[in-house]
Amino acid sequence: MPTSPSPTRRDFIRAAAAAGVAVAAGGPLAALASEPTKGASPVTWVKSVCRFCGTGCGVILGVTDGRLVALRGDPEHPTTKGLVCAKALFLPKIVRSKNRLKKPMVRKDGRLVPIGWDEAMDLVADRFASAIQEHGPNSVAYYGSGQAMSEESYLANRLFKGGIGTNNVEGNPRLCMASAVGGYVSTFGKDEPMGSYDDIDHAKTFFLVGSNTAECHPVIFSRILSARAKGEDVKVIVLDPRKSPVIGVADLHLDPIPGYDLTVLHAMAYVLLKEGKHDKAFIEKNVQFKAVKDGKPVGVSFDDYLAFLEEHHTPEKAEAVSGVPAAKIREAAMLFAQGPTTSFWTMGLNQRTRGVWANNLMHNLHLITANIGKPGATPFSLTGQPNACGGVRDTGTLCHILPYGRVVKKEAHRQQIEKLWGSKPGTIQPKPGLDTIEMFKALGRDEVKAMLVLTTNPAHTLPNSTPYKDAIGKARPDKPFVVVLDAYPTLTTEIADLVLPAAMWSEKSGVFGMSERRYQFHPKVQEPPGEARSDFDVLLDFAGRLEERGVVPKGYIGGKFETTDDIWDEMRLASKDTPYDFMGQTRERLHRERGIRWPTPTVDHPGTARRFVKGEDPLLDAGPWADDTLKPGETSFYAAPGKKAIVWLRPALPPAEPTDEEYPYVFSTGRVLEHWHSGTMTMQAPELKRAYPGCFAEVHPTDAKELGVKTGDKLKITSRRGEIVVRARVVEIPRPGMVFAPMHWADELSQVNKVTIDAYDPGSKQPEFKICAVKLAKA
Amino acid sequence: MRTARYPTLVLAVLAAILCAACGDDEPTCVQPGPVASSPLVIPDAAVVDFVSWGVLPSEEFAEHAFPPTMPDKAWHQDLWTPEACLECHATGEEDAPIVKHEGMPKLWLEGACRSCHVIRPDED
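Residues numbered from 1 in each chain as written. Chains lettered and ligands numbered in written order. Predicted model: local features only at pLDDT ≥ 70, side-chain atom pairs only at ≥ 80, totals over all residues.

(A) Spotlight on the sheet that holds strand S18 (residues 481-486) of chain A. Residues and elements named next belong to chain A. Spatially, seven strands are ordered S5-S4-S19-S18-S17-S6-S7 in an open sheet, and the strand pairing comes out mixed. Lying at the two open borders of the sheet, with one neighbouring strand each, are strand S5 (111-114) and strand S7 (169-171). If you compare each strand with its neighbour and ignore which way they point, the axes differ by 20 degrees on average. When strand S17 (residues 450-454) meets S18, the two strands line up parallel, connected through five bridges. Paired with Met451 across the bridge in S18 is Val482. (Pairing = 2+ DSSP bridges. Helix = DSSP H or I, 4+ residues; strand = E, 2+ residues; numbered from the N terminus. Axes fitted to C-alpha atoms, helices over the stretch in contact; angles between N-to-C directions.)

This is the structure we're talking about:
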């Protein structure tokens, strides 16, 4: 019989319940349905894609009488193969929750009261138009989401940048993926992974870094389990200060002091070079070395790189800084070298003030060993939202970028997009707009006068959330106008000036683009509840009313598009002759196929499993990057300067807020399997809510003993910014000196982001959710 | 095997739209507002033949739509590999129900059981 060394979840939940933490009612649904109802209509099965994380699981929706009644994994899906997780399986309950927002609501005398759609949309248009007319286009802002459909994000980007003329266009992927983008762009020239989930089947070594894959990407974890089941020669290395559930399959675990892992990655590179495990021919042909001197990147040599590692990052030096034994670093490097190696990482690397550098160092390991562009060999940043990649990163719906790899700073890129969109030349501004943190700071200073928040919950998810909640909702003279479009009540809808009810994913049709560059169509299978409308419909309506008020040129959007199908062809055109080229992904193909991975330049191209590889990447066969000198299987990083990827010599700087005598513990946040982000969806399924009814904090037994804390005790976690009080869970999961809490609960005492820090990576502008200094006390 | 095609579904949806009774409990009855959302058009190509593995029609959610939850036993807490689960669920040890998953892909038995089966805390 397996046993658990940890306190049982029952112990914890009982303690939580005793403290008054709400436990959802409702039994397992298996008990609800016993016999099929006589005369019930048959179930129709419709191919779709999951609403949750960036894995992009293919699903089949069961529909009866216009209602979503079941969901199953799609066994014919080429990469997720029918696997799904509990969050997906409970989507029918989540979508049909009685808590769905059904009517527009406007704040009057401090309370939200119903308002008609027409009046609501006039109010939105009036407030935005008056702000633009009185204060200029940069007085308004859009804050979108990696959960909106690609067509919705593209339309919002088109409206704000090319219609209104502001680059104040952001989205919540800034909080989760921006450092991965920065890593891919600075190393390879363009964003997005070059490999795919196909590599899982071929890898002999998995390197999981800052990724609780088992809970946050359970289908990827299951694929890794399956790969291990096929042969004992498959090894798993984990680099993470927590012993998350992935430790259960790890052959080697490296647990650095949080924030001090960059030197471990450098030290692995050092071992690889010293042991001759690097690929000299590949490096010579495909890699260049760079460092930053006096604020500017400069080319350096291989010998400079080796000298840099030798001076700063031998395993022994790395051990002194990180706490990871040198012997383990050496062992990890040698396992990595065995390969082919697939690395997966997520927020543990990305949500850092050195997130871009951490991503660079992951790529360094793959580049020097040529563990890239071959089956089973790829550096792969997993994504947390269903459409952060396709919807926000690829469509350029962030303040500094334009669709499909273009940037606002480049005149040629602005001109290309202005021409495609029919914008007046010069409308798109050359200067990046406000990034997420700066945008909400500007809102708090009343410099942003009107903001549209779409399908996201910043009052819950922004770090150091208290001042940003005030920015959104605190009553004050001439308070900026904040309108929120969402499907469920959230901390943000609670304090917004206007709340518009949104359709959920199964109530509208569009495209999600997941982590492996696969674009997948999800059809509308049911009507939204009440008066809810799709984000796309609302954005079209909004654009039309701005055109009527003269702040967007007449006919710029109005009359051009009615459905998401209509705008798709323009998006395809925007991708033409870029490294993202998906001209071959017609709507008809997406209806029929289980998603297609770009580049897909022609309608007869099956999609690309590995970019930058001759014989696989069609852009090496025709078009601006065609190269007939390459042999099949050879690599060309054609998007990088000189077609050579960059190995960066990055310093291993500490986190923004190291621990000290007053705040001696490291606080880190994350997720559990049953819930997702701010919990607004998963808390709607009684089974999921009940599995984890309240927030908790993992404390190492050594620390718990010092604090006099037992499992179930109330624990006060205080940072320089705020405090929470949650139940302690004393377990050997976090490193000693570290405390971890999930982010899903909205009650006042459980909002972990009251504690986190809003310092961000200077390159990616992604905040350091994963590390801040706190003190702990039994409450 | 259950199959259906677009016209059938449209009729079903129309019937649902015409439903007069609408309470506040699940499932939410459909009442489009004054500005309708985009039309319901399920592409024929997206409708698939599917072996439904026991999912049967019902008036509420489909029967067997949701995976069974697990009782909150200590040994369920930290099991993340199928081998650990199958120690009991392949043999019936501790009266554990024998896992069947009949007709489902083999891969599903190689994955993490916890991915789908969430813990059901005791209600006492």
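The rest of the description comes next.
(B) Molecular detail of the sheet that holds strand S14 (residues 378-381) of chain A. All names here are of chain A. With parallel pairing, five strands are arranged side by side in an open sheet as S10-S9-S8-S13-S14. Among the strands making up the open sheet, the edge pair consists of strand S10 (252-254) and S14. For this sheet, the mean angle separating the axes of adjacent strands, direction not counted, is 15 degrees. Strand direction decides the pairing type here: strand S9 (residues 235-239) and S10, joined by three bridges, are parallel. Pairing of Leu239 across the sheet is with Leu254, part of S10. In the packing of helix H17 (residues 355-368) onto the sheet, the strands contacted are strand S8 (205-209), strand S13 (341-345) and S14, and the crossing angle to S14 comes to about 160 degrees. (Contact = placed C-beta atoms within 7 Å.)

(C) Structural detail: the domain arrangement of chain A. All names here are of chain A. The domain architecture assigned to chain A consists of domain 1 (120-175 + 388-575), domain 2 (178-381) and domain 3 (665-778). For domain 1 versus domain 3, the separation of C-alpha centres amounts to 31 Å. Of all the elements in the fold, those that place two or more residues in the side of domain 1 that touches domain 3 are helix H7 (173-176), helix H20 (436-444), helix H21 (458-461) and helix H22 (465-473). Partitioned by chemical class, the residues of the side of domain 1 that touches domain 3 number six nonpolar, eight polar and two charged. (Domains from an automatic or database assignment. Nonpolar A, V, L, I, M, F, W, Y, C, P; charged D, E, K, R; others polar.)

(D) Quick look at the nonpolar core. Residues and elements named next belong to chain A. Counting 236 residues, the largest nonpolar core has Ala88, Met268 and Ile329 as the members making the most contacts within it. Looking at this core element by element, the count peaks at nine residues for helix H11 (residues 262-274). The contact partners of Ile329, leaving out residues within four places of it in the chain, are Leu254, Val264, Ala267, Met268, Val271, Pro315, Ala318 and Val324. Core analysis: the second largest hydrophobic core is formed by 30 residues, Val709, Val726, Val731 and Val752 among them. (Core = buried A, V, L, I, M, F, W, Y, C linked by C-beta atoms within 7 Å. Buried ≥ 20, exposed ≤ 12 C-beta atoms within 10 Å, placed from the backbone.)

(E) Main features of the packing of H11 of chain A against helix H14 (residues 315-322) of chain A. All names here are of chain A. Look at H11 against H14: their axes get within 9 Å of each other, and the N-to-C directions meet at 170 degrees. Here H11 is positioned roughly antiparallel relative to H14, judged by the angle of their axes. The element H11 and its partner H14 pack so that their crossing is left-handed. On H14, the residues touching Thr263, Val264, His266, Ala267 and Val271 of H11 are Pro315, Ala318, Val321 and Ser322. Here the residues of the contact of H11 with H14 are counted per class, giving six nonpolar, three polar and no charged. (Parallel < 35°, antiparallel > 145°, perpendicular 65-115°, else oblique. Left-handed = near helix turned anticlockwise from the far one by under 90°.)

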